[in-house]
Every structure is written in C-alpha cells, then in structure tokens.
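Examining the three-dimensional arrangement
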Amino acid sequence: MRNKPKMKSYKWLLPIIFLGIWILIYYNLQSITNWFIDDVLRLPQGNHLTEALRFFIFEVPKVLLLLVLIIFVVGIIRSFFTPERTRKALEGRSLFTGNIMASALGIVTPFCSCSAIPLFLGFVESGIPLGVTFSFLIAAPMINEVAVILLFGMFGWKVAAIYVGTGLVIAITAGWVIGRLKLEKHVESWVYEVKAGHADGEEEKIQLSGRIEAGYTAVKEIVGKVWIYIIIGIAVGAAAHGYVPESFMANLMGKSTWYSVPLSVLIGVPLYSNAAGIIPIVSVLIEKGVPLGTALAFMMAVIGLSLPEMIILRKVLKMRLLLTFVGVVTVGIVIVGYIFNTIY
Amino acid sequence: MEIKILGPGCAKCKTLDKLTHEVVEKNGIKANITKVEDIMEIMKYGVMSTPAIVIDEKVVLKGRMPSADELKQLLTK
C-alpha cells in the first residue's frame, strides 16, 4: 500500500477542516441571512413575507448544519455499539438495572424497525428478561437522534433534554411494568424453539479511519433521507408565522380541554412517520398554541408506536402481550404529556 | 462459492441483494447467491441486525450496507 501514514493524517484532517468551516458558518448565520435579505434582495423590512423568508433562510441551513454535525458524531459513537455487544452487556442483569441499561443502550445502538424481530429473538434467546428487552425496543425508536436535533434546533436545548429524559423514563418504567406482569408465556411459542447460532468472538475490528467512515456513511444515509422533510417543515413553519388561521387543531388540542393529551396520543399511535416528517407538524401545533406536553406526547406516540412495527412484532408476540405493550407505553406517554402541561 | 444474503425483506436487504449480484457479475466471480428471508434460518447464523452476508456459511458482514468496493474485497478475499 502506498503512503499509509499520510492517508491516516488526511482522514483526521478533513473532519477538522470541516468543523472549522462549520463553526464559521454556524455562528455567522444570522448576519449572513440579514445581509442576504436586506442588502442583496433589498426586501422591505418588517414586511410579513420578508420576515417569513428571513426565518426560512436562517433556519434551513441552521438545522441542516446541526443535523450533519450531530449525525456524524452519532455515526462514530454508534460504531462502538453493536447489537451483539449490547446484548452481552445486558445478559444477566436484574430487572431494574437491566431496564435502565437497556433504555440507555437503546439510544446509542444502531436500530432499524426491520431488525426488530431478529433483535428480539436474539435477546430472548440469550436469556435477557422480557421486560428488559422491551425497554430496549421502546427506547430505540422513540429517542431518535434526528428528533432530538430538530427539537434542539427549533425549540432549544431544554425541550430536547425533556424529550430525551421523558423518553428514557417511559422506556424504563414501561419495560419494568411488562417485566413485573410476567407475560413470558404470551410470547409466541416458536420463539423459544429458535436455536440461534453464536457468531461471537468475531467482532469486526474497526480502525479509527473506519469509524470516521461510519460517520460519513451515517450522514449520507440519514441526511440524504430527511433533508426534504426538514425543508418542507421549516417552510411550513415559516408560512405558519401568522398565515394559518387559528386552526381547529389548537382548539382540539388546547390546554383548556382535559382530553387533549389522550386524544392527541390516540391520533398519534396508528400514524407512522419518521422523526423528521413529524417535526413540522409539531412546530405548527406549538406555534398555534398547543401546549408543549400535548405536542411532545403526540410526537412520541407517532414515532414510538406505529402500526407497521406492531404488525412486525405480532409475529413474535401473542395479541395479549402486544396489546399490553401498546397499552403500557400509551399510558406512559399520556402521563408525561399531563405532567408537562402542568409544569409549563 | 456460496453466498447468502440474510434479511427479512427490508429495503436495505433488497439493495444488498442487488448489489451483490452486480459485483459478482462485474468481476466474474463464480458464486451461487441465495437470499434468505426465513427468520429461523437467519437466526441460525446468530445475526441480530440485517442485512448480513454469509460466505460459505461464515458471517462476514452484518447490520449495514457495504460499499461496492468493500463488497468486492469481501467476495474476492
């Protein structure tokens, strides 16, 4: 191989250069936007359209920049966590500790709902308690990195932190409750007959350059998939800055109505959207006066529980266990929604 | 050489299946490619994240999509 050491320093260098450019743009974005709107386009200030445009031109690069940076870092972090390692970490844990660990690992372990079944089988087969497995299966889709970044970008770090925190609490308690209910016999019986091979001991050795590569891949895959939703979402948000009439949604989901939280959760559960697709809707809801708790509950219901995932899980869970799972998580989301509406 | 693509039918698994066929054809590799969708079969390889590639009954990659280059390296090793 030619010039290997040079190759290495190059791999290091590129992300650092990118980071420099990133910081430069990110912290000057407001002035760049103002310069573009006021000096290049010379639009009349204070005009509704101008301000909507200013919002759009500022928010799109801001959120995309955040997304690229954080997805890159998440991609690198995730290269340290494989489902196999997570399983090993969870083996032999007692119920409560196991629930906490499984929920936390659910955030960082790469997961796609199409792998839910092999993962479930792999966990159960190696003796990880059902409740602990569920904590993982609840946290993994619900606490989604794209959702967290978008919440951070559009509503600030407090909302993002609340989202992660409450998501963890729901995953931990729901998993714990399912564990306590002793529903093992409501797993489809063929699950226990699965003889899984163990390909352990052959973990791929990944070099630093491989991890940076994983970061790039994650950016390409995720940003490539969600950028369009983000632009649409921000466009909707920009348009909603006064253009949409006080809609029926706000009345329906408003704070004064006690049933707003359960109602929005019930609407959200069967809906399916990726995290990026739901944020625009949430931003409009909040803009239109829907309380934060209700909006977050709606969002959790949409991305945490979905019909396609339930259909997949039905293959391994008997109806009663599946319904218990959905029920426990739904109740958890509703409680979180109420708590936040009371605090805020 | 016996190549198996493990995956219950998600989008990535189909893409990997296609890519494998392409790489094999392009490089004139003599191989028999089968796609394994049965979950019991998949579990026998101890794979928890799909898609995965099995070459001659050995899991060589799991849980992600390789690039065409990486796949070529795996197949010609």
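Here the structure is a predicted model, which means the values were calculated and not measured.

Moving on, we come to the overall build of chain A. A count of helices and strands for chain A gives 15 helices and zero strands. Taking all 344 residues of chain A together, 48% fall into the buried category. Partitioning the intrachain contacts of chain A with sequence separation of at least 6 by distance along the chain shows that 83% fall at a separation of at least 24. Roughly 16,800 Å² of accessible area belongs to chain A as shown, and the carbon and sulfur atoms make up 70% of that amount.

A few words now on the domain arrangement of chain A. All names here are of chain A. Structurally, chain A comprises domain 1 (9-79 + 215-239) and domain 2 (95-193 + 244-343). Contacts between domain 1 and domain 2 engage 19 residues on the former and 18 residues on the latter. Carbon and sulfur atoms supply 73% of the area that domain 1 and domain 2 bury against each other, a total of about 1,500 Å² over both sides. The tally of links from domain 1 across to domain 2 stands at one salt bridge. Here Arg-78 ties to Glu-145 by a salt bridge, and the two come within 3.3 Å at their closest N and O atoms. Those elements that provide at least two residues to the side of domain 1 that touches domain 2 are helix H2 (48-78) and helix H9 (208-240).

Following the criterion strictly, the structure yields nine salt bridges over all chains and no others. Between Lys-35 of chain B and Glu-37 of chain B there is a salt bridge, and its shortest N-O distance comes to 2.8 Å. Taking the relative accessible area as the measure of exposure, Lys-35 of chain B reaches 26% and is therefore partly exposed. The salt bridge involving Lys-44 of chain B is made with Glu-41 of chain B; its shortest N-O contact spans 3.0 Å. Residue Lys-44 of chain B and its partner Glu-41 of chain B are located together in helix H2 (residues 39-44), separated by three residues, close to a single helical turn. On the basis of relative accessibility, which here comes to 51%, the residue Lys-44 of chain B falls in the exposed class. Glu-41 of chain B sits in the partly exposed class, given a relative accessible area of 29%. Here the salt bridges share partners, and the residues they tie into one network are Asp-38, Glu-51 and Arg-54 of chain A.

On to the side chain of Thr-294 of chain A. Tracing the backbone through its elements, the reader meets Thr-294 of chain A in helix H13 (residues 292-304). With relative accessibility at 1%, the residue Thr-294 of chain A sits in the buried group.

Moving on: unusual backbone geometry. Residue Pro-51 of chain B is reached from Thr-50 of chain B by a cis peptide bond, and omega for that bond is 0°. For Pro-51 of chain B, the position within the fold is in the loop between H2 and strand E3 (52-55). Located in the positive-phi region is Arg-42 of chain A, a residue other than glycine, with phi close to 50°. For Arg-42 of chain A, the position within the fold is in the loop between helix H1 (4-40) and H2. The exposure class of Arg-42 of chain A is exposed, given its relative accessible area of 65%.

This next bit is on the sheet that holds strand E1 (residues 2-6) of chain B. Residue and element names in this part refer to chain B. The sheet built from four strands is open, its strands ordered E2-E1-E3-E4 with mixed pairing. Whereas interior strands pair on both sides, the edge strands pair on one side only; in this sheet they are strand E2 (32-36) and strand E4 (58-62). Neighbouring strand axes in the sheet, compared pairwise and without regard to direction, differ in orientation by 20° on average. Across the sheet, helix H1 (residues 11-26) touches E1, E2 and E3, and the angle it forms with E2 is around 180°.

In this section: the confidence of the model for chain A. Averaged over all residues, the pLDDT of chain A equals 83, while 89% of them reach at least 70. Across residues 1-6 of chain A, where pLDDT falls below 50, the model places zero contacts with residues more than four positions away in sequence or in other chains.

Residues and elements named next belong to chain A. Contact pair helix H7 (residues 145-155) / helix H8 (residues 157-180): the axes reach a minimum separation of 6 Å and the direction vectors enclose 150°. Overall, the two elements H7 and H8 adopt an arrangement that is roughly antiparallel. On the side of H7, the interface is formed by Ala-147, Val-148, Leu-151, Phe-152 and Phe-155, while H8 contributes Trp-157, Val-159, Ala-160, Tyr-163 and Val-164. Residues of the contact of H7 with H8, tallied by class, amount to 10 nonpolar, no polar and no charged.

Frequently, the measure chosen for interface size is the accessible area removed from exposure when the parts meet. At the junction of the two partners, chain B supplies 16 residues and chain A supplies 20 residues. Across the chain B-chain A interface, the total number found is one salt bridge. Residue Glu-84 of chain A pairs with Lys-62 of chain B through a salt bridge whose shortest N-O separation is 3.6 Å. In this assembly, chain B and chain A are joined by zero residue pairs in polar contact (both at pLDDT 80 or more). Sorting the residues of the side of chain B that touches chain A by element identifies H2 and E4 of chain B as the ones contributing at least two each. Top element by residues in the side of chain B that touches chain A is H2 of chain B. It accounts for four residues. Of the residues belonging to the side of chain B that touches chain A, the class tally is eight nonpolar, three polar and five charged.

About the thresholds
- Residue numbers here run from 1 along each chain, matching the order of that chain's written sequence.
- Whichever chain is written first is A, and whichever ligand is written first is 1; the rest continue in order.
- Since the coordinates come from a predicted model, pLDDT governs what is reported: local features require at least 70, and pairs of side-chain atoms require 80 or more to be given and counted, while whole-chain, interface and lining totals use all residues.
- Each side-chain value is worked out from all heavy atoms of the structure, with water and hydrogens disregarded.
- Secondary structure elements are defined from DSSP: runs of H or I of at least 4 residues count as helices, runs of E of at least 2 residues count as strands, and each element is numbered from the N terminus.
- Only protein chains enter the accessibility calculation, which uses a 1.4 Å probe. A residue is then buried if its area is under 20% of the maximum for its type, exposed if over 50%, and partly exposed in between.
- Whether two residues touch is decided by their heavy atoms; if any such pair falls within 4.5 Å, the residues are in contact.
- Each accessible area value is a Shrake-Rupley result obtained with a 1.4 Å probe; residue values ignore everything except the protein chains displayed when judging cover.
- Note that the domain bounds reflect an automated or database-derived domain assignment.
- The quantity reported as buried area is the accessible area (1.4 Å probe) lost by two parts once they are put together, taken as the sum for both.
- By convention in these notes, a salt bridge is any Lys or Arg side-chain nitrogen within 4 Å of a carboxyl oxygen on Asp or Glu.
- In this analysis, strands are considered paired if DSSP registers two or more bridges between them.
- Inter-axis angles, ranging from 0 to 180 degrees, are taken between N-to-C directions of lines fitted to C-alpha atoms, where helices are fitted over the stretch in contact.
- A residue's pLDDT is the predictor's confidence in that residue, given on a scale from 0 to 100.
- With respect to orientation, any angle under 35 degrees is reported as roughly parallel, any angle over 145 as roughly antiparallel, any angle of 65 to 115 as roughly perpendicular, and every other angle as oblique.
- Note on residue classes: Ala, Val, Leu, Ile, Met, Phe, Trp, Tyr, Cys and Pro are nonpolar, Asp, Glu, Lys and Arg are charged, and everything else, Gly too, is polar.
- Pairs of N or O atoms are called polar contacts if they sit within 3.5 Å, as long as, within protein, a hydrogen donor faces a hydrogen acceptor (for residues adjacent in sequence, only side-chain-to-side-chain pairs).

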